[in-house]
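A closer look at the structure
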Amino acid sequence: MDHQETTILLVGYGWFRGIPEGEINNAEAIARALDGEFLFAQDGSGATGRIHSLIAPVTWSGAFAPVEEAALALRPQIILALGTDAASPALRPEPYGVNWCEGRDAQPDNPGAETERSGELIPGGEPVLRGTLPFEAMTRAMLRAGIPAYMGSLLEGEPGARPCATTGLYLCNLMAYRLAHFAKTAPFPVRTGFMHVPNQPAYAAARRLRRLETEPEALSRPIYASMTLAQMVEGVRVALGACFSSNHSDSRKG
C-alpha cells in the first residue's frame, strides 16, 4: 500500500541567557542534526516522514511567530518543539501547557534588551491545554529503544491555585501552550506537542567546574544525570517515529 509522506516540523529553541560561550542549546543541536532526515513508522506500515527543522528564539515576543509562519507554509501533520531542562535526567515529552508566563528573556544579539513577564496570560483563554501528540506512545518507544525517558504531567497544588505543569512557566511552557492552541485552530489537521531534553555530559561537567569556583563544597554534591547528544538525537528520532505510526495508542490520562 502506498503511503503519503508525513511532513514533520521539528522546532528547537536556540540561545538563551545562561548558555556559556562555546556551548549551544541542546534543543537547537538536535533539531539541526535531524533536519532533512527521513523516518519510518515503527508499526511496519511502511509510512515515512520527513523532518523540517526550525530554530526558534527564546524570547517572549519572538518565540512562536516563526513557528506559526513555518507551519502555515509547510502544513505539517506533526509539530514537535524541543527545549532544554538541564536539571532533567532524561527526555521528557510534555503533554500540558498552562496559561501563565513568568521570567525574563534576553535578545540573542543584544543580551541587554530584556523583556520580563510576571503572571501575564497567553492568548488562548483556557487555564490548561494538552498537546495532541501521542505522548505515552512516544515515551514507551524511547524506553523500548534503551533511551531514558519519562512523561511530564500536571502538578498538584492548593485548591483554587493556578495550574502548574512540568513544563514550568517560562518559554518552554509558552511553546507547549501555543502549540496546543494552534492544533485546535489551524486551518489544516495537525498534531502538536513539546518535549524537554536534558544536558550533555560535557556541559554538565563544565557547569559543575564553574560552580566550584564559588562553592568548593559542591565537589561532593550529586551531579545531575545527563545524556550524550547522540542519545538525545536518537531519542527524538524514535519519538517522532512513534508519532506517525498508524497503530499508536495515546493515553489521555496525563
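Refer to the structure printed above.
Scope of this entry: the structure provided in the associated data block. As the structure is a prediction and not an experimental result, all values here were calculated from the model.

It is worth spelling out the sheet that holds strand β2 (residues 38-40) at this point. Read from one edge to the other, the open sheet built from six strands follows the order β2-β3-β1-β4-β12-β5, with strand pairing classed as mixed. Each having just a single partner strand, β2 and β5 (92-94) make up the two edges of the open sheet. Across this sheet, the average inter-strand angle for adjacent strands is 30°, counted without regard to direction. The strands touched by helix α2 (residues 65-74) within the sheet are β1 (6-13), β3 (48-56) and β4 (78-84), with β1 carrying the most contacts at an inclination of about 170°. Packing against the sheet, helix α3 (residues 135-144) makes contact with β4, β5 and β12 (191-197), and its axis sits at approximately 175° to β5.

Considering all chains together, one arrives at 14 salt bridges under this definition. Measuring nitrogen to oxygen at the nearest pair gives 3.7 Å for the salt bridge that ties Arg221 to Glu217. Three or more residues are tied together by salt bridges with common partners; here these are Arg17, Arg104, Glu114 and Glu116.

Further remarks concern the packing of aromatic side chains. Enumeration according to the criterion identifies three aromatic pairs in this entry. Considering the side-chain rings of Trp60 and Tyr170, the 5.5 Å spacing of their centres and the 90° angle between planes classify their relative orientation as edge-to-face. Separated by 110 residues along the polypeptide, Trp60 in the loop between β3 and α2 and Tyr170 in the loop between β11 (164-165) and α4 (171-185) bring together distant segments of the chain. Note on Tyr170: relative accessible area 27%, which makes it partly exposed.

Mapped onto the secondary structure, Phe135 falls in helix α3. Expressed as a C-alpha distance, the spacing of Phe135 and Pro20, which sit 115 residues apart in the sequence, is 32 Å.

Moving on, we come to the packing of α2 against α4. Two quantities define a packed helix pair, namely the angle between the helix axes and the distance between the axes. In the contact formed by α2 and α4, the axes pass within 11 Å of each other and the chain directions differ by 30°. By the criterion of interaxial angle, the relationship of α2 to α4 is roughly parallel. By crossing handedness, the relation of α2 to α4 is classed as right-handed. Contacts from Val67, Glu68, Ala71 and Leu72 in α2 reach Met175, Leu179 and Phe182 in α4. A class-by-class count of the residues in the contact of α2 with α4 yields six nonpolar, no polar and one charged.

Phi is positive for Arg75, close to 50°, though the residue is something other than glycine. Within the element layout of this structure, Arg75 appears in the loop between α2 and β4. Judged by relative accessible area, which is 43%, Arg75 ranks as partly exposed.

A large share of helix α1 (residues 26-34) lies buried, amounting to seven of its nine residues. Where α1 is buried, its residues touch β1, β3, β4, β12, α5 (201-212) and α6 (229-243). Within two residues after α1, Gly36 carries a phi angle of roughly 85°, on the positive side.

The next subject is the side chain of Asp105. Tracing the chain through its elements places Asp105 in strand β7 (residues 101-107). Among the polar contacts listed, one links the side chain of Asp105 to the backbone nitrogen of Trp60, at a separation of 2.8 Å. In this view, Asp105 contacts Arg17, Val58, Thr59, Trp60, Ala113, Glu114, Thr115, Tyr170 and Leu171; residues no more than four positions away in its chain are not counted.

In this section: the pairing of β3. Bridge count for β1 against β3 is eight bridges, and the pairing is parallel. Residue pairing across strands places Leu9 opposite His52, the latter belonging to β3. Of the strand pairs in this sheet, β2 and β3 are connected by three bridges, and their pairing is antiparallel. The residue of β3 that forms the bridge with Phe40 is Thr48.

Thresholds applied
Residues numbered from 1 in each chain as written. Predicted model: local features only at pLDDT ≥ 70, side-chain atom pairs only at ≥ 80, totals over all residues. Heavy atoms only, no water. Pairing = 2+ DSSP bridges. Helix = DSSP H or I, 4+ residues; strand = E, 2+ residues; numbered from the N terminus. Axes fitted to C-alpha atoms, helices over the stretch in contact; angles between N-to-C directions. Contact = heavy atoms within 4.5 Å. Salt bridge = Lys/Arg side-chain N within 4 Å of Asp/Glu carboxyl O. Phe/Tyr/Trp six-rings, centres within 6.5 Å; stacked < 30°, edge-to-face > 60°. Buried < 20%, exposed > 50% of the residue type's maximum accessible area, 1.4 Å probe, protein only. Parallel < 35°, antiparallel > 145°, perpendicular 65-115°, else oblique. Left-handed = near helix turned anticlockwise from the far one by under 90°. Nonpolar A, V, L, I, M, F, W, Y, C, P; charged D, E, K, R; others polar. Polar contact = N/O pair within 3.5 Å; in protein donor to acceptor, adjacent residues only side chain to side chain.

Remember, this is a structural readout, not a statement about activity or role.
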